[in-house]
Amino acid sequence: PVLVVDFGAQYAQLIARRVREAGVYSELVPHSITAAEVAAKNPAGLVLSGGPSSVYEEGAPGFDPAIFELGVPTFGICYGFQVMATALGGEVAKTGAREYGSTAVAIEDEGVLLGDQPAAQTVWMSHGDSVSRAPEGFEVLASTEGTPVAAFANDERKLYGVQWHPEVKHSEYGQDLLVNFLHKAAGIPGDWNSGNVIAEQVAKIQAQVGTGKVICGLSGGVDSAVAAAIVHKAVGDQLVCVFVDHGLLRQDERRQVEEDYVKATGVRLVTIDAVEQFETALAGVTDPETKRKIIGREFIRTFEKAQADLIAESREQDGDPIRFLVQGTLYPDVVESGGGTGTANIKSHHNVGGLPEDLTFELVEPLRALFKDEVRAIGRELGLPEVIVGRQPFPGPGLGIRIVGEVTRERLDLLRKADAIVRAELTEAGLDQEIWQCPVVLLADVRSVGVQGDGRTYGHPIVLRPVSSEDAMTADWTRLPYDVLAKISNRITNEVEGVNRVVLDVTSKPPGTIEWE
Ligand code: XMP
């Protein structure tokens, strides 16, 4: 692999993704990694990320300088560039010339890293300190008005660095630069793709599971659907999937799982109909946190019961209990919870959480090394229907937290209709790539006066919450074209009885969250 060393930058995951986009498998490692640990992973290359600190600050994230002696081709970015400079005898100074945002850079190089690029280009900068002198043996490749040493190279030792951020889209030719480092400078072939991930995972799952039985909870979302499909490809009917219909799903979601998904994969699926159970549990509740807790609790109860039934059935059949649980854990989940090992006691896993103490499973997590867009590519490769693979992130508590006010069956039906219209129109307008997700919210406790036909109406507003985001931690409201908004508004007020107004949420996150509850 290529190791991306994380110096605490929000960009480290983005770098890892860009490396994979260049067809090279990458993993994130902490900056505290030692030379021996790096050597043990036998990497084809290293990329050092940016970071929020100054190299001279007390407590600035350190880096084992012996790593530069391993002979591994290394590319430093921003803070990583400065770490490389100081470790190898160069100099970093507080020049006072801070550069933030788009910056013009002059390329003065014929070499492998930047030689094929325009001599003048715009790049994204974000730094206070600058490299004032390159280490001995390094050639200066580029400069900006405020930064005389904006890029350097030592071809012999295969050590390279740039002050700017090639991983962000605002850096023209940024991806070309990474590709040059990976393919040309480090000589790593770009042959990593979703096809070989599937083959690799299938073999790994077969080795892990053997003839054991496996269970998987399907949420209707992308991650669990793709995880189950890979496991099914690996072990066939040793896998049973459980899908809980809690009545808070979007239109057609249950059918998509029960018919389209099963048809595409052939998995054995057990659906638990828990609509009434959830309806009763949520009756009269309006507080968002209380709703979330009730939904979480009822979900776990239902899932547990289905599990217990399946385990009992399996014991009766052949005395062989279900030993494995599939989870659609993604790489960002792993990183956010601070790493972790392949198998864990199920209790400690927040995405299932709260299972009985005596119920311990070995986890099967085929997506642990992947990002969402990669998971989607694999789903497509496995032949899963686009309605499942291409869908927006959808919260576990479902439409229950998109009705501000009490959740009732009538309100859910109404919201489902409005939501279906929004999704259809966004897809029709080709906007699915541009938006991260677009929650549709019913303000059930608000009413306003309207006029329709010849009569007065007194109906509820629907809120559109289209957002753009990289990872849902922060988000901006998406500037949807007016004609698309007009069409959505028209259709909702005409087709959804009880709604007489459509409003647009123009709040970023922070201060708003993506969901309303
Ligand atoms: P917020 O509203 O916190 O949402 O900005 C961030 C992202 O998380 C999703 N979300 C959830 N996902 N269970 C989930 O699986 C939840 O309880 C939950 N709440 C919010 C939300 O849709 C957005 O993508």
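Scroll up to find the structure this text is about.
Residues numbered from 1 in each chain as written. Predicted model: local features only at pLDDT ≥ 70, side-chain atom pairs only at ≥ 80, totals over all residues. Heavy atoms only, no water.

**Points about the overall build of the protein chain**
Reasoning step 1: Each helix and strand in the protein chain was counted, giving 14 helices and 23 strands.
Reasoning step 2: Split into buried and exposed, the 517 residues of the protein chain put 51% on the buried side.
Reasoning step 3: Summarising the internal contacts of the protein chain: among those between residues at least 6 apart in sequence, 73% fall at separations of at least 24.
Reasoning step 4: Total accessible area on the protein chain is roughly 22600 Å²; 50% of this is exposed by carbon and sulfur atoms.
Reasoning step 5: Side-chain charges in the protein chain split into 47 positive and 74 negative, and the spacing between the mean points of these groups amounts to 6 Å. (Helix = DSSP H or I, 4+ residues; strand = E, 2+ residues; numbered from the N terminus. Buried < 20%, exposed > 50% of the residue type's maximum accessible area, 1.4 Å probe, protein only. Contact = heavy atoms within 4.5 Å. Areas by Shrake-Rupley, 256 points an atom, 1.4 Å probe, with all protein chains shown as cover. Lys, Arg positive; Asp, Glu negative; His and termini not counted. Charge placed at Lys NZ, Arg CZ, Asp CG, Glu CD.)

**Some thoughts on the side chain of E167**
Reasoning step 1: Tracing the backbone shows E167 in the loop between β11 (159-162) and α4 (174-185).
Reasoning step 2: Only 2.8 Å separates the side chain of E167 from the side chain of H165, close enough to count as a polar contact.
Reasoning step 3: Leaving out residues up to four positions away in the same chain, E167 has contacts with Y11, L14, I15, R18 and I77. (Polar contact = N/O pair within 3.5 Å; in protein donor to acceptor, adjacent residues only side chain to side chain.)

**Concerning the pairing of strand β1 (residues 2-6)**
Reasoning step 1: Buried residues dominate β1, accounting for four of its five residues.
Reasoning step 2: Two strands pair when backbone bridges link them, and β1 and strand β3 (residues 45-48) are joined in this way by four bridges, in the parallel orientation. Within β3, the position partnered with V4 by the bridge is V47.
Reasoning step 3: Note that β1 and strand β2 (residues 26-30) share five bridges and pair parallel. The residue of β2 that forms the bridge with D6 is P30. (Pairing = 2+ DSSP bridges.)

**Things to note about the state of the cysteines**
Reasoning step 1: The tally for this structure, following the rule as stated, stands at zero disulfides.
Reasoning step 2: A disulfide-free cysteine, C241 has its sulfur positioned 4.7 Å from the sulfur of C216, the nearest such atom.
Reasoning step 3: Classification of C241 by relative accessible area gives buried; the value is 0%. (Disulfide = S-S within 2.5 Å.)

**With respect to the packing of helix α5 (residues 194-209) against helix α11 (residues 372-381)**
Reasoning step 1: Viewed as axis vectors pointing N to C, α5 and α11 meet at an angle of 80°, and their least axial separation amounts to 9 Å. When the axes of α5 and α11 are compared, the pair comes out roughly perpendicular. Each of S194, G195, V197 and I198 in α5 lies in contact with α11, whose residues at this interface are A377, I378 and E381. (Axes fitted to C-alpha atoms, helices over the stretch in contact; angles between N-to-C directions. Parallel < 35°, antiparallel > 145°, perpendicular 65-115°, else oblique.)

**Things to note about the sheet that holds β11**
Reasoning step 1: Across the sheet, which stays open at both edges, the nine strands sit in the order β2-β1-β3-β4-β11-β10-β9-β6-β7 with mixed pairing between neighbours. Where the open sheet ends on each side, the last strands, each with one partner, are β2 and β7 (120-127). If you compare each strand with its neighbour and ignore which way they point, the axes differ by 25° on average.
Reasoning step 2: Sheet analysis places strand β4 (residues 74-77) next to β11, joined by four bridges and oriented parallel. Along β11, the bridge assignment pairs T74 with L159.
Reasoning step 3: Its contacts with the sheet place helix α3 (residues 79-87) against β3, β4, β7, β10 (151-154) and β11, and it is angled at close to 120° to β4.
Reasoning step 4: Running over the sheet, α4 touches β1, β3, β4 and β11 and is turned about 165° from β4.

**Details of the packing of aromatic side chains**
Reasoning step 1: One pass over the full model with this rule turns up nine aromatic pairs.
Reasoning step 2: Ring plane angle 25° and centroid distance 5.2 Å describe the contact between F75 and F181, whose orientation is recorded as stacked. You can see F75 sitting in strand β4 and its partner F181 sitting in helix α4, a full 106 residues away along the chain.
Reasoning step 3: Owing to a relative accessible area of 0%, F75 belongs among the buried residues under this scheme.
Reasoning step 4: Looking at F181, the relative accessible area reads 0%, which means it is buried.
Reasoning step 5: Taken together, a centroid distance of 4.8 Å and an interplanar angle of 70° make the contact between F138 and F152 edge-to-face. Pair noted here: F138 is in the loop between β8 (130-133) and β9 (139-143) and F152 is in strand β10, with a separation of 14 residues, a long-range link. Taken individually, F138 and F152 each receive the classification buried, so the pair is uniform in this respect.
Reasoning step 6: Over the ring of F394 we find R250, and its NZ or CZ is 3.9 Å from the ring centre. (Phe/Tyr/Trp six-rings, centres within 6.5 Å; stacked < 30°, edge-to-face > 60°. Lys NZ or Arg CZ within 6 Å of the ring centre and 35° of its normal.)

**Notes on the nonpolar core**
When a protein is soluble and globular, its nonpolar side chains tend to lie buried together.
Reasoning step 1: Within the largest apolar cluster, 38 residues are counted, with the highest numbers of intra-cluster contacts made by L239 and Y261.
Reasoning step 2: Looking at this core, the elements that each hand over two or more residues are α5, β12 (213-218), α6 (222-235), β13 (239-245), α7 (253-265), β15 (322-326), α11 and α12 (386-389).
Reasoning step 3: Broken down by element, this core gets its largest block of residues, 10 residues, from α6.
Reasoning step 4: Excluding residues within four positions of it along the chain, Y261 makes contact with L218, A225, A228, A229, Q256, G266, V267, L384, P385 and I388.
Reasoning step 5: Residues A16, C78, M125 and A185 belong to the second largest nonpolar core, which totals 36 residues. (Core = buried A, V, L, I, M, F, W, Y, C linked by side-chain atoms within 4.5 Å.)

**A word on α6**
Reasoning step 1: Here α6 is 14 residues long and its end C-alpha atoms lie 20 Å apart, about the 20 Å a rise of 1.5 Å per residue gives.
Reasoning step 2: Burial runs high along α6: 13 of the 14 residues are buried.
Reasoning step 3: Once α6 finishes, G236 follows within two positions and takes phi at roughly 55°, a positive value. (Expected span 1.5 Å × (residues − 1).)

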